[in-house]
Amino acid sequence: MITRFAPSPTGPLHLGHAYSALLNHDRAKAAGGTFLLRVDDLDQSRARPEWEAQLKDDLRWLGLDWPEPCRRESEHLGAYEAALDRLWDMGLLYPCHCTRRDIRDALSAPQEGAPVSGPDGLVYPGTCRPAAPPTGPRPEDTTLRLDMARACAALARPVKFEETGAGPDGQTGSIETAAQDMVATIGDVVLARREMGAAYHLAVVIDDAVQGVTEVIRGRDLFEATRIHVLLQGLLELPTPRYHHHRLIRDETGKRLAKRDDARAIALYRSEGRTPREIRDMVSL
Ligand code: GLU
């Protein structure tokens, strides 16, 4: 069994991260497998070396270990670019020049009906989607969207994965999504961003495959996005791991912890003299 914890070094590690990391680590160790740390530093405008150093220090303090050097996404941009080229050559991507505002405006047109929210926000209304796949070389420094209808047609089978945890509505077991639902509830997601290159959905799929991850254990908030990941695995002929979406750690008011929840930063608990055992107790592990 190979599991991984893939934090973004954009802020302090909090209790929610600790729970996810410990779960990944404990499961791998219990099965005699390997726990990997992966640094999701794709967004270079927000990633900071100080946060990376701090998160590694916090994880080691919690008692976790992983093979070094760990994979850092910023060192593998070529692999993501190659996947973009492949999807472009398959005729599944198109350039998009819409701003968030353009999308909101298009969706508020009277004929559009109620806007649907997908894993990445509002389902794209298709303003820039061409009638036929674009030809020629893939444009650089442009936002690229996946033509969901074409992508599902190219896959020619339902998007299917095994869930051993549960989605937000308790979904578990064999999860299957039909093409028309992929189009209606997810739509044409962004796979490359202007100035940033490959987006998370593409990078995560490549990383998990390259690292031979067999169990993706992560927060329930990513359950819906998993459908995108499984579709991309199919299109790129990569294996689909098993998925386990776990509960989210919430504060006293029931709100999910966020990066800016410094009050629950592991570093703060450490400075107050708490022990790793106490952190485990806080997240019921
Ligand atoms: N860096 C991503 C996050 O923290 C990783 C998500 C994943 O585990 O796939 O949300």
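Our structure is the block above this text.
Rules used in this analysis
- Residues numbered from 1 in each chain as written.
- Predicted model: local features only at pLDDT ≥ 70, side-chain atom pairs only at ≥ 80, totals over all residues.
- Heavy atoms only, no water.
- Helix = DSSP H or I, 4+ residues; strand = E, 2+ residues; numbered from the N terminus.
- Buried < 20%, exposed > 50% of the residue type's maximum accessible area, 1.4 Å probe, protein only.
- Contact = heavy atoms within 4.5 Å.
- Core = buried A, V, L, I, M, F, W, Y, C linked by side-chain atoms within 4.5 Å.
- Near = heavy atom within 4 Å.
- Polar contact = N/O pair within 3.5 Å; in protein donor to acceptor, adjacent residues only side chain to side chain.
- Areas by Shrake-Rupley, 256 points an atom, 1.4 Å probe, with all protein chains shown as cover.
- Axes fitted to C-alpha atoms, helices over the stretch in contact; angles between N-to-C directions.
- Parallel < 35°, antiparallel > 145°, perpendicular 65-115°, else oblique.
- Left-handed = near helix turned anticlockwise from the far one by under 90°.
- Nonpolar A, V, L, I, M, F, W, Y, C, P; charged D, E, K, R; others polar.
- Pairing = 2+ DSSP bridges.
- Right-handed = clockwise from strand over helix to strand, strands pointing away.

J.: Requested: an account of the environment of Glu-112, with residues and values cited.
T.: Summarising the element assignment, Glu-112 is placed in the loop between α4 (100–107) and β5 (117–118). Glu-112 sits in the partly exposed class, given a relative accessible area of 36%. Linking Glu-112 and Pro-125, residues 13 residues apart in sequence, is a C-alpha distance of 8.6 Å. Sequence-distant contacts of Glu-112, that is, excluding residues within four places in its chain, are made with Ala-106 and Leu-107.

J.: Go over the nonpolar core with me, naming the residues and quoting the values.
T.: Grouped together as the largest cluster of nonpolar side chains are 39 residues, with contacts concentrated most on Leu-87, Leu-146, Leu-231 and Leu-232. Sorting the residues of this core by element identifies α3 (77–89), β7 (143–146), α5 (148–155), β8 (159–163), β10 (190–193), α7 (200–210) and α8 (223–235) as the ones contributing at least two each. By residue number, the principal contributor to this core is α8, which donates six residues. Not counting the four nearest positions on each side in its chain, Leu-231 is found in contact with Leu-146, Met-148, Ala-151, Cys-152, Leu-155, Val-159 and Met-182. Counting residues in hydrophobic clusters, the runner-up holds 25 residues, among them Leu-15, Leu-22, Leu-59 and Tyr-269.

J.: Describe in detail the site of the ligand, supporting the description with residues and values.
T.: The environment of the ligand is formed by Arg-4, Ala-6, Ser-8, Asp-40, Tyr-200, Val-204, Arg-218 and Leu-222. A distance of 2.7 Å separates a nitrogen atom of the ligand from a polar backbone atom of Ala-6. Relative to its free-state accessible area of 300 Å², the ligand is covered by the protein chains to the extent of 78%.

J.: Which residues make up the packing of α3 against α7, and what are the values?
T.: Pairs of packed helices are described in terms of their axes, by the angle between the two and the distance that separates them. Between α3 and α7, the least distance of the axes is 10 Å, while the angle of their chain directions is 110 degrees. By the criterion of interaxial angle, the relationship of α3 to α7 is roughly perpendicular. In this structure, the crossing between α3 and α7 has a hand that is right-handed. Of the residues in α7, those touching α3 at Ala-79, Tyr-80, Ala-83, Leu-84 and Leu-87 are Leu-202, Ala-203, Ile-206 and Asp-207. Its residues assigned to classes, the contact of α3 with α7 shows eight nonpolar, no polar and one charged.

J.: Can you break down the pairing of strand β12 (residues 215–219) residue by residue, with the values?
T.: β12 sits mainly inside the fold: five of its five residues count as buried. In the sheet, β12 pairs with strand β13 (residues 242–246) via five bridges, with the strands oriented parallel. Bridging from a neighbouring strand, Val-216 pairs with Tyr-243 of β13. Tracing the backbone out of β12, into α8 and back to the parallel element β13 gives a crossover that is right-handed.

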